[in-house]
Amino acid sequence: MHTLIQAQQLQRRYGNHLAVDGLDIELCRGDILGFLGPNGAGKSTCMRMLTGNLAPHGGRILIDGLDLLEQPLQAKRNLGYLPETPPVYREMQVDEYLQFAARLNAIPKADCARAVDRAKQRCGLGDVGRRLIGNLSKGYQQRVGIAQAIIHDPMVVVLDEPTVGLDPNQIREIRSLIRELGEAHSVILSTHILPEVQSICNRVQIINQGRTVYSDRLSQAEAAVETLQLRLQHPPGLADLLALPGVDAAEEISQGHFQLRLAADAQIPALAQRVVEHGWGLAALIPQQRTLEQIFVELTAGEVQA
Amino acid sequence: MIRVIAAKELRLLFLSPLAWSLLGVLQLILAWIFLIQLDQFIQLQPRLAGIEGAPGLTDLVAAPLLGSAGTFLMLFMPLLSMRLFSDEYRNGTFSMLLTAPVSMTQIALGKFFGLLGFLAVALLLSLLMPLSLSLGGSLDWGKLAAAFLGLSLMVAAFSAIGLWLSSLTSQPAVAAISTYGVLLFFWIINLAAETNEESSQLFQWLSLQSHYQTMMQGLVKSEDLIYYALVILAFLLLAIRQLDNRRREA
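Quantities reported herein were computed from a predicted structural model and do not represent experimental measurements.

Novice: Give a description of the overall build of chain A that names residues and reports values.
Specialist: Scanning chain A from N- to C-terminus turns up 11 helices and 14 strands. Dimensions of chain A, computed from C-alpha atoms along their principal axes, come out at roughly 75 × 45 × 35 Å. Counting over 306 residues, chain A shows a buried share of 50%. Within chain A, residue pairs in contact and separated by at least 24 positions form 68% of the contacts whose partners lie at least 6 positions apart.

Structure, rendered in structure tokens:
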């Protein structure tokens, strides 16, 4: 696989506070990485370092094999970045602004009009080209921000909370745009909306207090069924449930409603058959995957309180 | 790349009412001064006619007019330069420049030349009034050119100072106040020269206006040209350094 971003041992301090502490990020072509973490975990700092907006205090960053610190101009040609607030000049018209963005990213003058048209079409800005950016709604400004990030067709697109302030229809459009971008480029996306990550990202990295606490391909993260909700009309004692094959722990949530924690090799069909054989009056059996939300809360909540 | 940034800077300036109102006010005030100077010249003319080597139209009308243009531009400069970087820091638009394949030097120079572009418009507009005198009288073209060169260089030096101070803060008002402070200080620093003998030469040399005044008299000395070049270069370098530092320490 062709590695587009390789960041090793990134470090960044603010005064004495270590905001990012030895973070590694690696991204291949076709990857859409969901970058998660509680507020203040260092997500934005990290993204600003990856895009050359902040200089790291340690570590190195390679963009498509080019060192961002040693060859910044060449490396930045392959970067597009949407910060938390879209970097738009409110006094300018959309067309004018995108034209500037195209020229700034070293697109030859002859190709500018085409690049602007393409970016506008991809971000659904076709009918607002002549409007002043300051008069556009937040959602449209956000789209203009995304348009400037992808106008030069960069290999790496970094989006800091791209769907904030958008209405549900716009969110769907932006998500499909990000999926489309992910096919030919690699995308890093930070967000607080976990279902968003599940629906568009194929990789997830959770950071907390400047360190990576979880990093995985999403398909694997979702695969294992770990708990089972069980509703029984004639509930037995907890000991009987524990005796079932593949059950590690059992807990009664309410009358006749149990939650079972399963072993890794548990066979759900066999288990269901035993429950029926016992005649406990099986009313519902709900396999539960360990969701991203559970992973997120487990890995980040404890330390925040500490 | 420098051109792209300069063009954007110029475009943004003219998209805001600030630039237009400054140009308008500057023209209005200069026109008033021009009329007063012209009136005085017409009253003096019969007496001057009899004197050998008496000061002419350029000395009595054109040079003083450009002189006051310099003073007014010093007062207007902080309002123009304050937004160069401070606004971009504050609105978050600066990250667009940082992500783009441009160096800090290109960013600083682009902004500097963008501002100079606007000032060129202001200067050429104020030059039109003395130029109109050539319709009815005779101008000393060499003297006028020297005065205009001096004015342009001094205004460019103001811009470099304003640019640097704007790169220091994300609050335009702070940038403006500090630019006023520095410009006025360098404007009046030669007042000390008259009271103190030993240091007088240094203070005289440091003053932004003393170099300009010799050029107003039609005297272009390489010393003065070097002075302005040094001031411009020094403050541009400081601005570039500040941009680099900001990325590292902000």
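Still more ground to cover, so stick around.
Novice: Describe the packing of aromatic side chains, and please don't skip the residues or the numbers.
Specialist: Per the counting criterion, the structure on display carries 13 aromatic pairs over all chains. On the basis of an interplanar angle of 70° and a centroid distance of 5.2 Å, the ring pair of B:Y227 and B:Y228 is categorised as edge-to-face. Neither residue differs from the other here; B:Y227 and B:Y228 are each classed as buried. A network of ring pairs unites the aromatic residues A:Y89, A:Y97 and A:F100 as a single cluster. When the ring centre of A:Y140 is taken as reference, the NZ or CZ atom of A:R143 above it lies at 4.6 Å. The cationic tip of B:R246 hangs over the ring face of B:Y89; the distance from NZ or CZ to the ring centre is 3.6 Å.

Novice: Lay out the environment of A:P245 with the relevant residues and their values.
Specialist: Residue and element names in this part refer to chain A. Tracing the backbone shows P245 in the loop between α9 (238–242) and β12 (247–254). What makes P245 partly exposed here is its relative accessible area of 33%. Residues P245 and A263 lie 18 residues apart in sequence; the distance between their C-alpha atoms is 9.0 Å. Setting aside its immediate chain neighbours within four residues, P245 contacts L271 and R274.

What counts and how
- Residues numbered from 1 in each chain as written.
- Chains lettered and ligands numbered in written order.
- Predicted model: local features only at pLDDT ≥ 70, side-chain atom pairs only at ≥ 80, totals over all residues.
- Heavy atoms only, no water.
- Helix = DSSP H or I, 4+ residues; strand = E, 2+ residues; numbered from the N terminus.
- Buried < 20%, exposed > 50% of the residue type's maximum accessible area, 1.4 Å probe, protein only.
- Contact = heavy atoms within 4.5 Å.
- Phe/Tyr/Trp six-rings, centres within 6.5 Å; stacked < 30°, edge-to-face > 60°.
- Lys NZ or Arg CZ within 6 Å of the ring centre and 35° of its normal.

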